[in-house]
Amino acid sequence: MAHGSKLMALNSQRMSILLPTGQPRIESMRMINITKRFPGVLANDKVNFDVKAGEIHALLGENGAGKSTLMRQLGGLYRPDGGEIHLDGKPVQFKSPADSIQRGIGMIHQHFMLVPTLTVAENVALGLPSSRGLQLDLDKVSQKIEKLAQRYGLKIHPDAYVWQLSVGEQQRVEIMKALYRGAALLALDEPTAVLTPQEVDDLFKVLRGMAADGHALIFISHKLHEIIDISHRVTVMRDSKVVATHPTAGSTKTQLAREMVGREVILQYDKTPYKPGAAMLRIEDLVVMGDRGQKAVHDVSLIVREGEIFGIAGVSGNGQRELAEALTGLRPVQTGRVVVAGQELTHAKPAQRIAAGQSAIPEERMREGVVKEFSVSENLILQDHGHEPYSRNIFLNFDAIAKESKRLIDEFRVKTPSAETPIKNLSGGNIQKVIMAREINRKPRVLICAQPTRGVDIGASEYIHQRLLEQRSAGTATLLISEDLDELLALSDRIAVMFDGKIMSIIDRDKATVERLGLLMAGVKA
Amino acid sequence: MSELFSLTVLTGIAYSGIRLATPYLFAALGEMFAQRSGVVNLGVEGIMLMGAFTAFAMATWTGNLWFALFCAAFIGLLMGLAMSFISVNMQAEQGISGIGMHLFGLGLSSLLFTKFLGSTKAITGFQPIKIPLLGDIPVIGEIFFNHNILVYLAFLLVPIAVWVLNKTTLGLKIRAVGVKPEAADSLGVSVSKIRYLCVSFGGVMAGIAGASLTLALINLFQENMTSGIGFIAVALVYFGGWTPVGVTLGALLFSLVNALQLWIQVLDKDKVIPSDFALMMPYVLTIAVLAFGKRTNQPAALTKPFDRGSH
């Protein structure tokens, strides 16, 4: 392969040990005093980070701590404003992703960089020169993919279309893309965010194998137990700076959490005893169609009681989104019944549901939760602006709105310059707090809550969790849809697992374990 | 009207249909590449008008048809580059900027025509070339193998487009950029380069499509002479499901309807069918196709500007 031989020539001066892929190893990569600014933000402040061949180095930090920015500079997507990157002791500059790939660096981005309409082989071959000049050589590419797949234990079919693949399979394609390009150093940005626990185990096997072969690996995550499980060393970032680098062995979750957040963090909540009351949300044989006309929710029946948090677990794309949309009136119900507080609301519009005492915290908070351009206070009265105290007849009562906004902002500890600030300028966690404030202020009897802490930092997550538990104590029936098993296990009283639109099983909290939920999420009946 | 179904007339309709497909094919295949890379160029009609005028003026002044064709292609390239700059660098709303490009081409071609030519005589365009042997086959030969060079070139473009799109590294890049530009970018493929290339190629093809009107089909220039062919070409890309073969079938369908309405106007001496109705047929078909056609193959990033920082 022309690309490979060029890379070999580039490295021929160094007496390098070859990887099983035939590429030279990267013995060491150092990022020294890296500084990166964006308008108004210092994203990386004199960051030092390094990784060696055969090592898995974890990069830990909250959303917005600067991890992804750091990696994007390694991947050639951004250029540092200050500092140097050294490969095997020599300074290098990455002007583009192609530069960085050429030097043996592979990036696995958090959002997969795959073209769904192309096959696996086409995705791998994209951007590479062909052995036949202008014409593609997909047959040769497929052969090489199969050879690499066998070597690294990555199960992949080169001729499958990417849209047909599961999330775990798509991730294997991403790793294959990097290996195929001769990556000696692989940086994985939140690779486990979308995987089932079993898929995480498989991934870890592959990563350990790669490290043993002499690859250098960077593992970015905010999941503490995974970092303790997989990494040799860990670097913690907070507020654009590195706050600690040390061997992982001997570190505890509590210690890592403290380093990441900068204060003590509660990893376990005190819950009041479980005292379920009357059935508040009753779903009977619900069928809802998905975007492609398939049955996305398939005969789902469940009951959520007063003072209960009912969790729904599942890998993204198994009908949870459609279920939440049907329950909030955003997606038509095909057959079945939905009863809220004794009122039949199967086909009701959102306004009727709100009137019946149902609140909702939507999954897509920027699209369905708020109006981005509106101010914080306008977003706080979004559904309730039509009646007292916010308005009289057709006129808005600005004094009342300002007073109530101030109270909610204080009570929910929303960090915002003012109530008039456009909400899009707030962080994810603070936007979520505004939505919570609006929805909980209505004193709901039923709360539909989807992915409440996705993309929210630990501090805000903790606060949101406390508020949800408060609602539980106050008697609200909460349906909590989440892909975060830790969150479900910490809050729920009962947990249902959705797979392929169906409920696999409903388990009481004290009988639920990560392993058991993981198998159900993968479609295996326990 | 009964003579409509005689062999001579049917042969005539089929022959005209193939001949009239030329501008649709050039314009729609070029536009297909632009759209596969993620850019809708609604200015095809304006570029065609400029191509038609340029070719006609050059043919009138120099008498060299090939030079005239080259100049039309060059004007198409310039306008394609302008459209690339507007959509790729400036990240403008493509629908609106395309309409601007159309009005620019419409106005400028009329202005230049009035200023430099006014009313002129028809030129002698490209003449039919009968292919040896094949051209002698009864009916078939008459329909397919006795056309001017631009018709052959237009149809030759189809297999080339299929090959480039599906079998080459360039085609793979185009397909990727139109669906998920950030993926292509992360592998070192320049999204801007690919889009510039495709939109500019579309411009060249639109210029040639316009030239095919003045150099082979009508041999005259009139203000707004394209009368919607450029817009239909954009619609044909949707109709053809963004594939070269689909686009070709669509182009043939439209040109056959066009040929049919021309023959109806000629044969229908008693005006049983009002000529306005016949004229309307291609446009009604366009609307029907866009309203009822499915869009399952639409490139996911169509009309969306790419910005590395925004994801």
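Residues numbered from 1 in each chain as written. Chains lettered and ligands numbered in written order. Predicted model: local features only at pLDDT ≥ 70, side-chain atom pairs only at ≥ 80, totals over all residues. Heavy atoms only, no water.

What about the side chain of Thr476(A)?
Residue and element names in this part refer to chain A.
- Examined against the element boundaries, Thr476 turns out to sit in the loop between helix 16 (458-473) and strand 20 (477-481).
- Polar side-chain contacts of Thr476 include one of 3.4 Å to the backbone oxygen of Pro444.
- At 2.9 Å, the side chain of Thr476 and the side chain of Gln471 are in polar contact.
- Beyond its immediate chain neighbours, meaning those up to four positions away, Thr476 contacts Arg305, Glu306, Gly307, Glu308, Pro444, Arg445, Val446, Leu447 and Gln471. (Helix = DSSP H or I, 4+ residues; strand = E, 2+ residues; numbered from the N terminus. Polar contact = N/O pair within 3.5 Å; in protein donor to acceptor, adjacent residues only side chain to side chain. Contact = heavy atoms within 4.5 Å.)

Some thoughts on a nonpolar patch on the surface
- Where nonpolar side chains cluster on the molecular surface, the patch consists of Phe67(B), Phe70(B), Phe74(B), Leu78(B) and Leu81(B) and spans about 470 Å² of accessible area.
- For Phe70(B), a relative accessible area of 54% translates into the label exposed. (Patch = residues over 30% accessible without salt bridge, like charges linked within 9 Å, V, L, I, M, F, W, Y side chains within 5 Å. Areas by Shrake-Rupley, 256 points an atom, 1.4 Å probe, with all protein chains shown as cover. Salt bridge = Lys/Arg side-chain N within 4 Å of Asp/Glu carboxyl O. Buried < 20%, exposed > 50% of the residue type's maximum accessible area, 1.4 Å probe, protein only.)

Some points on the pairing of strand 9 (residues 233-238) of chain A
All names here are of chain A.
- Burial within strand 9 is extensive, with five of its six residues counted as buried.
- Of the pairings in the sheet, the one linking strand 3 (residues 56-61) to strand 9 comprises five bridges and is parallel in character. Along strand 9, the bridge assignment pairs Leu59 with Thr235.
- With antiparallel pairing between neighbouring strands as the criterion, strand 9 and strand 10 (residues 241-247) make up a hairpin whose turn holds two residues, including Asp239 at a positive phi of roughly 45°. (Pairing = 2+ DSSP bridges.)

Side note on the environment of Gly207(B)
All names here are of chain B.
- With respect to the element layout, Gly207 can be found in helix 9 (residues 191-217).
- You can call Gly207 buried: its relative accessible area is 0%.
- Each C-alpha atom of the pair Gly207 and Leu252 lies 20 Å from the other, and the pair is 45 residues apart in sequence.
- Beyond its immediate sequence surroundings of up to four residues, Gly207 is in contact with Ile47, Gly51, Ala72 and Gly76.

As for the packing of helix 2 (residues 44-62) of chain B against helix 9 of chain B
All names here are of chain B.
- With their axes 7 Å apart at the nearest point, helix 2 and helix 9 run at an angle of 50° to one another. When the axes of helix 2 and helix 9 are compared, the pair comes out oblique. For helix 2 against helix 9, the interelement crossing comes out right-handed. Judged by residue contacts, Val44, Ile47, Met48, Gly51, Ala52, Ala55, Phe56 and Ala59 of helix 2 engage Gly203, Ala206, Gly207, Ala209, Gly210, Ala211, Leu213, Thr214 and Leu215 from helix 9. (Axes fitted to C-alpha atoms, helices over the stretch in contact; angles between N-to-C directions. Parallel < 35°, antiparallel > 145°, perpendicular 65-115°, else oblique. Left-handed = near helix turned anticlockwise from the far one by under 90°.)

A closer look at the interface of chain B and chain A
- Between chain B and chain A, the residue contacts involve 21 residues of the former and 27 residues of the latter.
- Joining chain B to chain A, the criterion identifies one salt bridge.
- Measuring nitrogen to oxygen at the nearest pair gives 2.9 Å for the salt bridge that ties Glu122(A) to Arg175(B).
- At the junction of chain B and chain A, the tally comes to four residue pairs in polar contact (both at pLDDT 80 or more).
- At the level of secondary structure, the elements contributing two or more residues to the side of chain B that touches chain A comprise helix 6 (149-167), helix 7 (169-179) and helix 8 (181-186) of chain B.

What to know about the nonpolar core
- Leu186(A), Leu207(A), Met210(A) and Leu215(B) are the most contacted members of the largest nonpolar core, which totals 142 residues.
- For this core, the element with the most residues is helix 9 of chain B, which contributes 14 residues.
- When sequence neighbours within four positions are dropped, the list of residues in contact with Met210(A) reads Tyr152(A), Ile175(A), Leu179(A), Leu186(A), His215(A) and Leu217(A).
- Judged by nonpolar contacts, the second largest core, of 42 residues, contains Val370(A), Leu469(A), Leu485(A) and Leu520(A). (Core = buried A, V, L, I, M, F, W, Y, C linked by side-chain atoms within 4.5 Å.)

Comments concerning the domain arrangement of chain A
All names here are of chain A.
- Domain parsing of chain A yields domain 1 (2-259) and domain 2 (279-521).
- Taken over C-alpha atoms, the centre of domain 1 sits 35 Å from the centre of domain 2.
- If you look at the interface, domain 1 gives seven residues, while domain 2 gives 13 residues.
- Summed over both partners, the interface of domain 1 with domain 2 comes to about 810 Å²; 59% of that surface belongs to carbon and sulfur atoms.
- Three residues, Glu62, Pro197 and Gln198, lead the burial of domain 1 against domain 2; their summed loss comes to 45% of the area buried on that side.
- The interface formed by domain 1 and domain 2 holds zero salt bridges in total.
- Scanning the region where domain 1 abuts domain 2 turns up zero residue pairs in polar contact (both at pLDDT 80 or more).
- For the side of domain 1 that touches domain 2, the residue count by class is two nonpolar, four polar and one charged. (Domains from an automatic or database assignment. Buried area = accessible area lost by both parts, 1.4 Å probe. Nonpolar A, V, L, I, M, F, W, Y, C, P; charged D, E, K, R; others polar.)

Side note on helix 15 (residues 428-441) of chain A
Residue and element names in this part refer to chain A.
- Across its 14 residues, helix 15 extends 20 Å between first and last C-alpha, which sits within 8% of the 20 Å expected from 1.5 Å per residue.
- Across the 14 residues of helix 15, twelve count as buried, placing the element largely inside the fold.
- By the burial criterion, the buried members of helix 15 are Gly429, Asn430, Ile431, Gln432, Lys433, Val434, Ile435, Met436, Ala437, Arg438, Glu439 and Ile440.
- Just downstream of helix 15 lies Lys443, where phi reads positive at about 50°. (Expected span 1.5 Å × (residues − 1).)

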